[in-house]
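The lines below spell out each chain.
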Amino acid sequence: MAEEEENAASTVSEFPKGRVKKIMTLDKDVKRVSSEALFLVSRSTELFLQFLAEKSAQVAIEKKRKTVNLEHIRVAVKRHQPTRDFLLDDLPPPSQPNKPDKHTTPAARPKSDKPLPGTRRIDQFFRKPEPENPAQAEAQAQSPIPVDES
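This one's a predicted model, so the numbers in the text were calculated from it and none came from an experiment.

A. Here's a closer look at the pattern of salt bridges. Applying the stated criterion to the full structure yields two salt bridges. In this structure, glutamate 46 engages arginine 43 in a salt bridge whose closest nitrogen and oxygen atoms are separated by 3.1 Å. Placement of both glutamate 46 and arginine 43 in helix H3 (residues 35-62) is noted, with a separation of three residues, approximately one turn of the helix. Across the pair glutamate 62 and arginine 79 runs a salt bridge, and its minimum N-O distance is 2.8 Å. Residue glutamate 62 is found in helix H3, and its partner arginine 79 is found in helix H4 (residues 70-79); the two are separated by 17 residues along the sequence. For glutamate 62, a relative accessible area of 49% gives the class partly exposed. You can call arginine 79 exposed: its relative accessible area is 51%.

Below is the structure:
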């Protein structure tokens, strides 16, 4: 009786059959998918993800963390040779730390051409305002500066 329940539980897939079939048929070489192939791909995916989750959880426990993050998955993949061979290149690159380095100087930061919204650059503050009419600007540039002689 226990064997029947175990067999019945192992035939039920955790993933939706339609979605797995759709992913399988994305390959141009696959025209049709049999129910046996669908079951095997779905079950092997479940087992692989279970394995990867367990190994990643072990890494998180080793690092005394309660939440598994990308770095834990990366370490778990690196530790298992067959998984490393096909999966390591497809993982996203490790994120850079958010803390700025102590050695970073303001000159080393990239300058943006446009100021952030709601701000303005200081060099705009010290510029002379440009007249709206270009002909008026020429006339002001050519006229002598009046001197008050009183």
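B. Spatial organisation of the environment of valine 68. Examined against the element boundaries, valine 68 turns out to sit in the loop between H3 and H4. Contact partners of valine 68, with chain neighbours within four places excluded, come to Ser56, Ala57, Ala60 and Ile73.

C. Summary view of H3. With 28 residues, H3 extends 41 Å between its outermost C-alpha atoms, agreeing within 8% with the 40 Å of an ideal straight helix rising 1.5 Å per residue. For H3, every residue scored as buried is listed here: Leu38, Ser42, Glu46, Leu52, Ser56, Val59 and Ala60. Once H3 ends, the next one or two residues include lysine 64, with phi positive near 60°.

Analysis parameters
- Residues numbered from 1 in each chain as written.
- Predicted model: local features only at pLDDT ≥ 70, side-chain atom pairs only at ≥ 80, totals over all residues.
- Heavy atoms only, no water.
- Salt bridge = Lys/Arg side-chain N within 4 Å of Asp/Glu carboxyl O.
- Helix = DSSP H or I, 4+ residues; strand = E, 2+ residues; numbered from the N terminus.
- Buried < 20%, exposed > 50% of the residue type's maximum accessible area, 1.4 Å probe, protein only.
- Contact = heavy atoms within 4.5 Å.
- Expected span 1.5 Å × (residues − 1).

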